[in-house]
Amino acid sequence: MELLRKDVLSQPINDTVFKIAAQAKEAKLKYGNDKVVDATIGCLADEQGNLVAFKSVYKHFDEVKDADKAAYAKSFAGNKEYRDKVLSWVLEDKITDLSTAVIATPGGTGADYLTISSFLDSGMEIMVPEIAWTSYQLMAAQNGLEIVSYPLFQGHHFATSSFKEIATRIMHTQHKLLVILNDPCHNPTGYSLTTEEWTDITEFLSGLSCQGQVIILNDIAYIDYSYNLNTSRDYLRCFNYLANKVTVIIAFSCSKTLTAYGFRLGAAIILNKDPEVVKTIATVYERDARAIWSNVNNGGMLTFPQVISDPQFLLEKQTYINLMHQRSALFLKEADENDLPCYPYKEGFFITLAVDPKNLDQYHEALMAKQIHTVKVNKGIRLAICSLPLNQISGLAKRMKEIYSITFPQA
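Residues numbered from 1 in each chain as written. Predicted model: local features only at pLDDT ≥ 70, side-chain atom pairs only at ≥ 80, totals over all residues. Heavy atoms only, no water.

Things to note about the sheet that holds strand β11 (residues 350-354)
Taken in spatial order, the 3 strands line up as β11-β14-β13 in an open sheet, and their pairing is antiparallel. At either margin of the open sheet sits one strand with a lone partner, and together these are β11 and β13 (375-377). Taking each pair of neighbouring strands and ignoring which way they run, the sheet shows an average axis angle of 35°. The sheet contact formed by β11 and strand β14 (residues 380-384) spans 5 bridges and is antiparallel. (Pairing = 2+ DSSP bridges. Helix = DSSP H or I, 4+ residues; strand = E, 2+ residues; numbered from the N terminus. Axes fitted to C-alpha atoms, helices over the stretch in contact; angles between N-to-C directions.)

Written out as structure tokens, the structure reads:
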């Protein structure tokens, strides 16, 4: 008899991000910080390369009593005040015609996992962006799901026609569709769908729902670092017009919003026209939460409502949004000057170079040999622009282009 369950995945995790990040740290110790470009981890860093920890966040965290930090949350679904504040913070006034519920999760990852594990039966297909955060694939595999990748781009715009074709085929085959849309500030390309693209997608999925249930997993991990905060949530209004058989799960990463990554705090926001559907999903999510992680960070949940009402937090956050805008603009300008191809970027933590897959491994190794540490993704090289100081970004595109030309002289 086998020791482990027959369908358990026993292969070691090959998490390239943390592996390459560890190598970058070793290189810094050996060669010095100024000799190593570390564009690996998606965490905000200041111009000295230090991890950003907002004073406004930890001021309020320090005000939480130690006993409350040590205590369990009041509910497996999360503290009510936290859930209420998440709902108002994320949705603002954009959702008017849908029922809602919120389940607290350990980071946006928890919300992603609850959704990927709850709607599809083993063997079914899930739609995932062709260029995407690799943990989606791991979560799908953990639940016996087949990945179907959809291309992100047609030219400099979202590949709407391909998206519709793939969604139609899956719905025709299994009469249920779960699609992941990591937007705005897509990880890893930095693309954000326009409101017109969102309208087209949601109208199409509403029409498709006449054949079966549709679930949209909208991963908004980086939404609070959009370059256009006044309009970044406007697309949410599209959800008001969804058909009854379309459910939206918004995966919110509170820990990313607060640059408090170790808090492991987030939420799954459930949206549907039918309150009974929302109630049923919330019940399932709460039971799963109890079974998997029990409680999320109580001190973090008590801190969040205080932080988001503090003007200092908004000022601190905007300072780093402005800095990221400077960093991305500089890199993209120099990439254009040096004919270094990038996927369409609008905003966010990452920029991804478009690289022929057959050259990807060799190019990545060549960059590493020159102490430029990046992360390989499908069809590209991801740079965490969020963590690179301006003095390291200056000239980086030229260096990367020269390395490519030397590595592939016939290209």
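Focus: the packing of aromatic side chains
When we look at a pair of aromatic rings, we describe it by the centre distance and by the angle of the planes. Summed over all chains, the structure comprises 26 aromatic pairs. Ring centres of Tyr-58 and Phe-61 lie 6.4 Å apart, and the angle between their planes is 85°; on these two criteria the pair is classed as edge-to-face. Here Tyr-58 pairs with Phe-61, and both are found in helix α2 (residues 55-63), just 3 residues apart, close to one helical turn. A relative accessible area of 17% means that Phe-61 is categorised as buried. Ring plane angle 55° and centroid distance 6.3 Å describe the contact between Phe-349 and Phe-350, whose orientation is recorded as tilted. Each member of the pair, Phe-349 together with Phe-350, is buried. Lying across the ring of Phe-61, Lys-69 places its NZ or CZ 4.2 Å from the centre. One residue, Lys-317, lies across the ring of Tyr-225, its end atom 5.5 Å from the ring centre. (Phe/Tyr/Trp six-rings, centres within 6.5 Å; stacked < 30°, edge-to-face > 60°. Buried < 20%, exposed > 50% of the residue type's maximum accessible area, 1.4 Å probe, protein only. Lys NZ or Arg CZ within 6 Å of the ring centre and 35° of its normal.)

A closer look at the side chain of Arg-382
Assignment of secondary structure puts Arg-382 in strand β14. A distance of 2.5 Å separates a polar side-chain atom of Arg-382 from the backbone oxygen of Thr-40. (Polar contact = N/O pair within 3.5 Å; in protein donor to acceptor, adjacent residues only side chain to side chain.)

Things to note about helix α5 (residues 107-118)
Compared with an ideal rise of 1.5 Å per residue, which puts 12 residues at 16 Å, α5 spans 18 Å between its outermost C-alpha atoms and is within 8% of the ideal. Buried within α5 are the following residues: Gly-107, Gly-108, Gly-110, Ala-111, Asp-112, Leu-114, Thr-115 and Ile-116. (Expected span 1.5 Å × (residues − 1).)

Brief notes about the nonpolar core
The biggest cluster of nonpolar side chains holds 136 residues, and the ones touching the most others in it are Phe-163, Leu-205, Phe-239, Ile-250, Phe-331, Tyr-363 and Met-400. Among the elements that line this core, the one with the most residues is helix α12 (residues 311-337), at 7 residues. If near-sequence neighbours (up to four positions away) are discounted, Phe-239 is found in contact with Ile-95, Leu-98, Trp-198, Thr-202, Asn-218, Val-248, Ile-250 and Leu-271. (Core = buried A, V, L, I, M, F, W, Y, C linked by side-chain atoms within 4.5 Å. Contact = heavy atoms within 4.5 Å.)

Some thoughts on the packing of helix α13 (residues 357-369) against helix α15 (residues 396-407)
The geometry of α13 relative to α15 is characterised by a closest axis approach of 10 Å and an angle of 125° between their N-to-C directions. The orientation of α13 relative to α15 falls into the category oblique. As α13 packs across α15, the resulting crossing turns out to be right-handed. Here Asn-359, Gln-362, Tyr-363, Ala-366 and Leu-367 of α13 lie close against α15, whose contacting residues are Met-400, Lys-401, Ile-403, Tyr-404 and Thr-407. Of the residues belonging to the contact of α13 with α15, the class tally is 6 nonpolar, 3 polar and 1 charged. (Parallel < 35°, antiparallel > 145°, perpendicular 65-115°, else oblique. Left-handed = near helix turned anticlockwise from the far one by under 90°. Nonpolar A, V, L, I, M, F, W, Y, C, P; charged D, E, K, R; others polar.)

Focus: unusual backbone geometry
The omega angle of the peptide bond from Asp-183 to Pro-184 is 0°, so this bond is cis rather than trans. Note on placement: Pro-184 falls in the loop between β7 (176-182) and α8 (195-208). That bond from Asn-187 to Pro-188 is cis: its omega, 20°, falls within 30 degrees of zero. Along the polypeptide, Pro-188 turns up in the loop between β7 and α8. For Asp-339, which is not glycine, the phi torsion reads 55° and is therefore positive.

Considerations on helix α11 (residues 298-308)
Counted residue by residue, α11 has 9 buried out of 11 residues, so it is predominantly covered. For α11, the complete set of buried residues consists of Asn-298, Gly-299, Gly-300, Met-301, Thr-303, Phe-304, Pro-305, Val-307 and Ile-308. If you check the start of α11, you find a side-chain oxygen 3.1 Å away from the backbone N of Gly-299, and it comes from Asn-297.

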